[in-house]
Amino acid sequence: MADETEIYRSQGFGNAVGMGEKPALIIVDFVIGFTDPKHFGGGNIPPAIEKTVDLLAFARKNEWPIVHTRVVYQEDGSDAGAFARKVPSLLKLTPDSELSQIVPELTPRPGELIICKRQASAFFGSELAAWLTYRGVDTTLVTGCTTSGCVRATVIDSVSSNFGTIVVTDCVGDRAIEPHNANLFDMGQKYADLLESNEIYAHFGESRAA
């Protein structure tokens, strides 16, 4: 990996974006169905949720804009597209299904945006970019699952929307660790800064034990 990292470095990848003046927290698809390996969960998703609980509290204390996302399809599948054709089990994430509900420990509060999406990216076909811009956001802190899927898609579209983008590495998870690690590496080289939640706290002057 050291030699591979040097190749990226020599080609100008892996530069730091840095924290802006007005961050927002985006929590991608931490819903009940992604906590259970019998449905969409597994891997390191539960520990990532636990870490995100603290980060959400920190974001609320600092009055950052906060966004939650869910994957939701209508009961009759009338709004399904190619994504659901590739993964038809997603169609069980209907509006009233327990599986599609945000986990209780991350329950949104009034004023926090909830996006119900049918594609991987939280930005695609949604009001997210405009909502963030209206609030003066210059940096997105992306958490959620899965690292290789909806998190990655959201990160790429965040950069495409000209937001500085940070992946909070201990607050993202995947059902398998190899795609998790590979996608973190790749996003860190091309699209985003990679920071642990403790580094976020420290940047804003709060010291916490590791």
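Position numbers for residues start from 1 in each chain and track the written sequence from start to end. Residue-level local features of this predicted model are given only where pLDDT is at least 70; pairs of side-chain atoms are given and counted only at 80 or more, and the full residue set underlies all totals for whole chains, interfaces and linings. Working from all heavy atoms in the structure, the side-chain values ignore hydrogens and water.

Draft legend 1. Quick look at the nonpolar core. Definition used in this section: a nonpolar core is a set of buried Ala, Val, Leu, Ile, Met, Phe, Trp, Tyr and Cys residues joined via side-chain atoms within 4.5 Å. Under the scheme applied here, a residue whose accessible area is under 20% of the maximum for its type counts as buried, over 50% as exposed, and between as partly exposed, the area being computed with a 1.4 Å probe on protein chains only. Counting residues in each nonpolar core, the largest one holds 32 residues, and the members touching the most others are Leu25, Phe30, Leu55, Leu106, Leu141 and Ile200. In this description a helix means any DSSP run of H or I spanning at least four residues, a strand means any run of E spanning at least two, and both kinds are numbered starting from the N terminus. Elements with a minimum of two residues in this core: β1 (23–28), α2 (45–61), β2 (66–71), β4 (139–145), β5 (164–173) and α7 (197–203). Other than its neighbours up to four places away in sequence, Leu106 contacts Ile27, Phe30, Ile49, Thr52, Val53, Leu56 and His68. If you look at the next biggest cluster of nonpolar residues, it comprises 22 residues, including Val28, Ile115, Leu132 and Phe163. Contact definition: two residues touch when any of their heavy atoms are within 4.5 Å.

Draft legend 2. Main features of the pairing of strand β3 (residues 113–117). Taking every second residue as pointing to the same face, the buried face of β3 carries Leu113, Ile115 and Lys117, while none of Ile114 and Cys116 on the other face is buried. When DSSP finds two or more bridges between two strands, those strands count as paired. For β2 and β3, the ladder comprises five bridges, and the chain directions are parallel. Paired with Val71 across the bridge in β3 is Lys117.

Draft legend 3. Summary view of the packing of aromatic side chains. The aromatic pairing rule takes the rings of Phe, Tyr and Trp, using the six-membered ring of Trp, and pairs them if the centres are within 6.5 Å, calling planes under 30 degrees apart stacked, those over 60 edge-to-face and the rest tilted. Scanning the model with the defined rule gives eight aromatic pairs in all. Measuring from ring centre to ring centre gives 4.9 Å for Phe58 and Tyr201, while their planes differ by 65 degrees; the resulting arrangement is edge-to-face. Placement of Phe58 in helix α2 and of Tyr201 in helix α7 is noted, with a sequence separation of 143 residues between them. Taken as a pair, Phe58 and Tyr201 share a single burial class, namely buried. Grouped by ring-pair contacts, the aromatic residues Phe58, Trp64, Tyr201 and Phe204 constitute a single cluster.

Draft legend 4. Fine view of unusual backbone geometry. Cis geometry is found at the peptide bond from Cys145 to Thr146, where omega equals -5 degrees. Positive phi is not limited to glycine here, since Asn162 has a value of about 70 degrees. Residue placement: Asn162 occurs in the loop between α5 (147–160) and β5.

Draft legend 5. Highlighting α5. Taken as a whole, α5 has its buried residues at Thr147, Cys150, Val151, Arg152, Ala153, Thr154, Val155 and Ser158. Its buried side turned inward, α5 meets β1, β3, β4, β5 and α6 (177–190). Positive phi appears at Asn162, one or two residues downstream of α5, with a value of about 70 degrees.

Draft legend 6. Up close: the environment of Asn62. Assignment of secondary structure puts Asn62 in the loop between α2 and β2. Identification of polar contacts relies on pairs of N or O atoms within 3.5 Å, with a donor-acceptor requirement for protein atoms, meaning one able to donate a hydrogen and the other able to accept it, and with residues adjacent in sequence counted only if both atoms are side-chain atoms. A polar contact of 2.8 Å, which involves the side chain of Asn62, links it to the backbone oxygen of Phe58.

Draft legend 7. Representation of the sheet that holds β1 within the structure. Here six strands make up an open sheet; going across it, the order is β3-β2-β1-β4-β5-β6 and the pairing parallel. Strand pairing shows two members of the sheet lacking a second neighbour, β3 and β6 (193–195), which therefore form its edges. Put simply, the sheet's adjacent strands are angled 25 degrees from each other on average, direction ignored. When β5 meets β6, the two strands line up parallel, connected through three bridges. Note on β6: the bridge partner recorded for Val168 is Leu195. Axis angles are defined between N-to-C directions and span 0 to 180 degrees, where every axis is a line fitted to C-alpha atoms and, for a helix, only to the segment in contact. Contacting β1, β3, β4 and β5, α5 crosses the sheet at an angle of about 165 degrees to β4. In the packing of α6 onto the sheet, the strands contacted are β5 and β6, and the crossing angle to β5 comes to about 165 degrees.

Draft legend 8. Examining the side chain of Asp170 more closely. Within the secondary structure, Asp170 sits in strand β5. When charges are tallied, Lys and Arg are placed among the positive residues and Asp and Glu among the negative ones, while His and the ends of the chain are skipped. Any Lys or Arg side-chain nitrogen located within 4 Å of an Asp or Glu carboxyl oxygen qualifies as a salt bridge. No salt bridge is formed by the buried Asp170. Its closest oppositely charged neighbour is Lys51, at 4.1 Å. Within the structure, the side chain of Asp170 is placed 2.8 Å from the side chain of Ser197, a separation counted as a polar contact. Apart from residues no more than four positions distant in its own chain, Asp170 is found in contact with Pro47, Ala48, Lys51, Glu196 and Ser197.

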